[in-house]
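Descriptive analysis of the structure
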Amino acid sequence: MVWAMVLIFLAVPPLSDAQQEMLATAIDDGPQLDGAALYPLVENALQWDSHDESDARVPDYDVLLSRPAEARGGLFLIEGQFAGRARRFGLVRSGAWGEALTEWVLLVRDDPEEVAVVYFVDPDGTLEAPAIGAGVRAVGRFYKVWADRDRDGTPARYLTFIARSPKVLGTPAPEAGGSMLPMLLLVAVLGVVYVLIRRIGKPDRHGPRTRSTRHRAPDDVILSDPAEALERLAERRDPS
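The following paragraphs examine the structure supplied in this document.

What counts, and where the lines are drawn
Residues numbered from 1 in each chain as written. Predicted model: local features only at pLDDT ≥ 70, side-chain atom pairs only at ≥ 80, totals over all residues. Heavy atoms only, no water. Salt bridge = Lys/Arg side-chain N within 4 Å of Asp/Glu carboxyl O. Helix = DSSP H or I, 4+ residues; strand = E, 2+ residues; numbered from the N terminus. Buried < 20%, exposed > 50% of the residue type's maximum accessible area, 1.4 Å probe, protein only. Contact = heavy atoms within 4.5 Å. Polar contact = N/O pair within 3.5 Å; in protein donor to acceptor, adjacent residues only side chain to side chain. Core = buried A, V, L, I, M, F, W, Y, C linked by side-chain atoms within 4.5 Å. Phe/Tyr/Trp six-rings, centres within 6.5 Å; stacked < 30°, edge-to-face > 60°.

1. A look at the pattern of salt bridges
Evaluation of the coordinates by the stated rule reveals eleven salt bridges. Arg157 is the salt-bridge partner of Asp29, the closest N and O atoms lying 2.7 Å from each other. Of this pair, Asp29 sits in the loop between helix H2 (17-23) and helix H3 (39-45) while Arg157 sits in strand E5 (residues 155-170), and the two are 128 residues apart along the sequence. With relative accessibility at 39%, the residue Arg157 sits in the partly exposed group. Each member of the salt-bridge network shares a partner with another, and the members are Glu53, Glu79, Arg137 and Lys167.

Shown next, in the form of structure tokens:
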């Protein structure tokens with residue numbers, strides 16, 4: 001009995017009738033994100049156990065795009081790669097959720113290319129963005145289809161979700177990394193051979209000189225639209 005009560009407490013609570021009614025007022029394919037329909041999802045997310053995935057479904061992104069009203073408010077397990085957009089999205093209404101949500105763009109499939117724009121309830125703004133290309137998993141409720149334009153001015157449709165917190169699964173090696181490894185090894189070997197030849201031909205009194213190289217971690221970037229975030233992710237995956 002006690003365990004059953006604990007499980008009920010930890011589970012993601014359902015939307016109330018009043019919350020569902022307000023959520024139903026959401027308008028798809030419009031440019032506005034902050035509206036009355038957003039706040040039932042934000043309020044609900046505050047009550048979640050952020051790592052409970054038991055009731056979340058794997059989304060069919062084509063269905064969400066074609067029939068968003070049927071899936072609105074549904075609980076989904078969103079998995080993808082961080083595409084490089086991290087920003088604070090200021091809200092008209094403040095509350096226990098704070099004054100802003102934290103927005104991440106995730107590449108959720110490659111062919112056809114699709115992104116999910118996830119808004120995390122992050123009252124203190126302490127959620128740190130991972131490296132570009134890092135795997136991310138989050139439970140979120142589907143909000144609406146957001147109509148905007150990409151960086152080229154082309155109309156685009158984006159799926160939006162409200163979530164509590166993500167799991168960062170690590171950064172995968174770039175696809176080009178496997179082909180670059182032999183090249184790097186060859187360069188290293190040639191470098192050693194060059195140093196040996198120099199030593200044999202002309203001894204260095206002061207010993208070999210070394211030069212250190214500083215490696216910068218990927219910057220946390222704020223991009224103007226999800227399409228630009230995808231472009232940055234593509235650059236990370238294929239440096240050539």
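Next comes the rest of the account.
2. Some thoughts on the environment of Asp34
Mapping Asp34 onto the fold places it in the loop between H2 and H3. Residues Asp34 and Arg93, spaced 59 residues apart in sequence, show a C-alpha to C-alpha distance of 9.0 Å. Once you skip the residues sitting within four places of it in the chain, Asp34 turns out to touch Tyr39, Phe89, Gly90, Leu91 and Val92. Reaching out from Asp34, the side chain makes a polar contact with the backbone nitrogen of Val92 at a distance of 2.7 Å.

3. Quick word on the nonpolar core
Among the nonpolar cores identified, the biggest contains 35 residues, and Tyr119, Tyr143 and Ile162 are the most heavily contacted of them. Top element by residues in this core is strand E1 (residues 75-95). It accounts for five residues. Leave out the neighbours within four places in its chain, and Tyr143 touches Leu23, Ala26, Leu33, Gly35, Ala37, Leu38, Leu41, Arg72, Thr160, Phe161 and Ile162. Counting 22 residues, the second largest nonpolar core, distinct from the first, contains Trp104, Val136, Ala138 and Ala163.

4. Remarks on the packing of aromatic side chains
For the structure shown, the criterion picks out seven aromatic pairs. Measuring from ring centre to ring centre gives 5.3 Å for Phe82 and Trp104, while their planes differ by 65°; the resulting arrangement is edge-to-face. One end of the pair, Phe82, is in strand E1; the other, Trp104, is in strand E2 (residues 98-109), with 22 residues separating them in the sequence. Here the aromatic rings of Trp146 and Tyr158 are separated by 5.7 Å at their centres, their planes lie at 50°, and the arrangement is tilted. Residue Trp146 is found in strand E4 (residues 135-149), and its partner Tyr158 is found in strand E5; the two are separated by twelve residues along the sequence.

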